[in-house]
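Summary of structural features
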There are 2 protein chains.
Amino acid sequence: MPGARDLPHPDAASLVLTDVLFALSDPSRLALVRRLAQGPLEVAACQPTGGEVPKSTLSHHLKTLREAGVVRNVPEGRQRYVSLRREDLDDRFPGLLDAVLGTTAEEDPGGSV
Amino acid sequence: MPGARDLPHPDAASLVLTDVLFALSDPSRLALVRRLAQGPLEVAACQPTGGEVPKSTLSHHLKTLREAGVVRNVPEGRQRYVSLRREDLDDRFPGLLDAVLGTTAEEDPGGSV
DNA sequence: GGCATGGTTCGATAATAGTTGAACTATCGG
DNA sequence: CCGATAGTTCAACTATTATCGAACCATGCC
């Protein structure tokens, strides 16, 4: 199996809090994480609900989330599934994700992506 | 009373999650917040435990934290006291601060300020 | 008033992060 | 194998942040 298309993911134990906070500090990324909290999505479905964003831009945000350890991005046939690394996050930073997701997005003028 | 030296602070109800997350996403700011969790400090005492940082740089970080609503900065005689807005944060984002502070800073290569 | 002290604000520069088109890689269906 | 599809990576550009010296502002003390 040449070129297994697997992207690098930090392992659960080595997640860095500030990196996670930074990844979540962008309104568009946070909005996506909220959606991912309800289940995995293929990359194309990670597009903001309303408008469209260039693929490269979306991919860049996914990279930020992935490198921080917030999401996992696995190839599945010709597409990729993006999922929240909930267990790993809960394990490493207990209560953090719940606290972040608990806030019912009253804010975020920018929202989405 | 001219020039009461009061700095603007967002009120509790209008705190924005992403702004708070961003403010906490910097290792030096997070390290300071951890120290403030143990009680207020005058600005000079906000210096990183080891090294020294220019006053303007420190002031800039305090501004970021203050504008996000993470800390309060009140004049007291000729100095200023910086304190964590714990109640406001707990009120607005229940569990967030506890989760962030709960992590016993194993990380953060940069630390401090 | 004059001056030291404690901090903020300004302005310039350096460093990081975001945005995007184009090129590239992999997979699946004829 | 060819083309279409799904995404990532690259490179260039823009925008936001960080850093820090210098100027500035208030307070307290003499």
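Up top is the structure.
Overview of the structure. (Residues numbered from 1 in each chain as written. Chains lettered and ligands numbered in written order. Predicted model: local features only at pLDDT ≥ 70, side-chain atom pairs only at ≥ 80, totals over all residues. Heavy atoms only, no water.)

Observations concerning the environment of L97 of chain B
Put simply, the rule reads: A run of DSSP states H or I qualifies as a helix once it reaches four residues; a run of E qualifies as a strand once it reaches two. Both are numbered from the N-terminal end. Whether two residues touch is decided by their heavy atoms; if any such pair falls within 4.5 Å, the residues are in contact.
Here L97 of chain B is to be found in helix α5 (residues 96-102). Residue contacts for L97 of chain B: discarding those within four places in its chain leaves L84, R86, L89, D90 and G102 of chain B.

Describing the interface of chain A and chain B
The condition is simple: Accessible area, probed at 1.4 Å, shrinks when two parts are joined; the buried area is that loss added up over both. We define a salt bridge as a contact between a side-chain nitrogen of Lys or Arg and a carboxyl oxygen of Asp or Glu at a distance within 4 Å. Under the rule applied, a polar contact is a pair of N or O atoms within 3.5 Å (in protein, one hydrogen donor and one hydrogen acceptor; residues adjacent in sequence only if both atoms are side-chain atoms). Classification used: nonpolar for Ala, Val, Leu, Ile, Met, Phe, Trp, Tyr, Cys and Pro, charged for Asp, Glu, Lys and Arg, polar for all others including Gly.
If you look at the interface, chain A gives 23 residues, while chain B gives 23 residues. For the pairing of chain A and chain B, the buried interface totals around 1,600 Å² over both sides, and the portion due to carbon and sulfur atoms is 68%. Where chain A touches chain B, the interface holds zero salt bridges. Along the contact surface separating chain A from chain B lie zero residue pairs in polar contact (both at pLDDT 80 or more). If one sorts the elements of the side of chain A that touches chain B by residue count, helix α1 (residues 17-24) of chain A sits on top with five residues. Looking at side-chain class alone, the side of chain A that touches chain B contains 13 nonpolar, four polar and six charged residues.

Examining the sheet that holds strand β2 (residues 71-76) of chain A
Residues and elements named next belong to chain A. What counts, and what does not: Paired strands are those between which DSSP finds at least two bridges.
The antiparallel open sheet is built from three strands, whose spatial order is β1-β3-β2. Each edge of the sheet is formed by a strand with only one pairing partner; in this case those strands are β1 (41-42) and β2. Judged from the six bridges that link them, β2 and strand β3 (residues 79-84) form a sheet pairing that is antiparallel. Among the inter-strand pairings, E76 is bridged to a residue of β3, identified as Q79.

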